[in-house]
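# Summary of the model geometry
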Amino acid sequence: MEILNQSHVIIVTILLVIVSIILKRYKNIAKSKQPPKAKGAWSIVGHLPLLHPSKLPHKVLGTMADIYGPIFKINLGVSEAVVISSSEMAKECLSTHDKSTLGRPK
């Protein structure tokens, strides 16, 4: 009876290890589909200091687009926003994939 219990423990342990490996890979794949996050955000106010009235917001976001690419995420306060600076990507998001991109956050 003890042998049966030991084999069950070994099987359950192996299954847990396999499931944890699969979940870790799935998490990495889901994370790689996210746009890059711009650096320089403050803890509570996010990137709002970069959008100061003395600086033109479109120039600041254009400079960030040169660094991070045509699509990236910024923090506006505690909320995240996706910035799309390419007209082709904006057209694709607003016409082709409109149902998935225009939904309200949960």
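All of the points below concern the structure found in this document.

Quick notes on the rules
- Here the residue numbers are simple positions, counted from 1 along each chain's written sequence.
- Side-chain atom pairs in this predicted model are given and counted only at pLDDT of 80 or more, local residue features only at pLDDT of at least 70, and totals for whole chains, interfaces and linings cover all residues.
- The basis for every side-chain value is the complete set of non-hydrogen atoms in the structure, without hydrogens or water.
- Here a helix means four or more residues in a row that DSSP labels H or I, a strand means two or more in a row labelled E, and each is numbered from the N terminus.
- A 1.4 Å probe rolled over the protein chains alone gives each residue an accessible area, and that area as a share of the maximum for its type sets the label: buried under 20%, exposed over 50%, partly exposed in between.
- With residues, only the protein chains shown are counted as cover, and all accessible areas are computed by Shrake-Rupley using a 1.4 Å probe.
- Criterion for a salt bridge: a side-chain nitrogen of Lys or Arg within 4 Å of a carboxyl oxygen of Asp or Glu.
- Patches draw on residues past 30% relative accessible area with no salt bridge. Two like charges within 9 Å are joined, as are two nonpolar side chains (Val, Leu, Ile, Met, Phe, Trp, Tyr) within 5 Å.
- Note on definitions: a residue-residue contact is assigned when non-hydrogen atoms from the two residues lie within 4.5 Å.
- In protein, a polar contact means a hydrogen-donor-capable atom and an acceptor-capable atom, both N or O and within 3.5 Å, with residues adjacent in sequence counting only if both atoms are side-chain atoms; elsewhere, any N or O pair within 3.5 Å suffices.
- Throughout, the protein atoms alone are placed on a 1 Å grid, and a set of points is a cavity if a 1.4 Å probe fits but cannot get out or a pocket if it is open with protein on both sides within 12 Å along at least five of seven lines; lining residues have an atom within 4 Å of a point.
- Grid points are joined across faces, edges and corners, and a volume is the space filled by probe spheres set on the points.
- Note on residue classes: Ala, Val, Leu, Ile, Met, Phe, Trp, Tyr, Cys and Pro are nonpolar, Asp, Glu, Lys and Arg are charged, and everything else, Gly too, is polar.

## Overview of the overall build of the chain
Along the chain, the regular secondary structure elements total four helices and two strands. Reading the chain from its N end, one meets helices and strands in the order α-α-β-β-α-α. When each of the 106 residues of the chain is scored for burial, the buried share is 15%. Counting only carbon and sulfur atoms, one obtains 66% of the accessible surface of the chain, whose full area is about 8,900 Å².

## Examining the pattern of salt bridges
In total, this model carries two salt bridges according to the counting rule given. As a salt-bridge pair, Glu80 and Lys37 come within 3.3 Å of each other at their nearest N and O atoms. Here the residue Glu80 occupies a position in strand S2 (residues 79-84), and Lys37 occupies one in the loop between helix H1 (2-32) and helix H2 (57-68), the gap between them amounting to 43 residues. When its relative accessible area of 47% is taken as the criterion, Glu80 is described as partly exposed. The exposure class of Lys37 is partly exposed, given its relative accessible area of 40%. A salt bridge links Lys73 to Glu80; the shortest N-O distance between them is 3.6 Å. The exposure class of Lys73 is buried, given its relative accessible area of 12%. One network of salt bridges, with partners in common, ties together Lys37, Lys73 and Glu80.

## Overview of a nonpolar patch on the surface
On the surface, Ile10, Ile11, Ile14, Leu15, Ile18 and Ile22 cluster together into a nonpolar patch covering about 570 Å² of accessible area. Its place among the elements puts Ile10 in helix H1.

## Thoughts on the environment of Val82
Structurally, Val82 is set in strand S2. Judged by relative accessible area, Val82 falls into the partly exposed class, the value being 49%. Linking Val82 and Ile71, residues eleven residues apart in sequence, is a C-alpha distance of 7.0 Å. Not counting residues within four places of it along the chain, the set of residues in contact with Val82 comprises Ile71, Phe72 and Lys73.

## Considering the side chain of Ser86
Along the chain, Ser86 turns up in the loop between S2 and helix H3 (87-96). A polar side-chain atom of Ser86 sits 2.9 Å from a polar atom in the side chain of Glu88.

## Some details on the layout of surface pockets
Of the volumes computed, that of the largest pocket is approximately 450 Å³. Pro35, Ile71, Val82, Ile84 and Thr101 are, among the 14 residues lining the largest pocket, the residues nearest its centre. The set of elements that each furnish at least two residues to the lining of the largest pocket consists of strand S1 (71-76), S2 and H3. Grouping the amino acids of the lining of the largest pocket by side-chain chemistry returns nine nonpolar, two polar and three charged.

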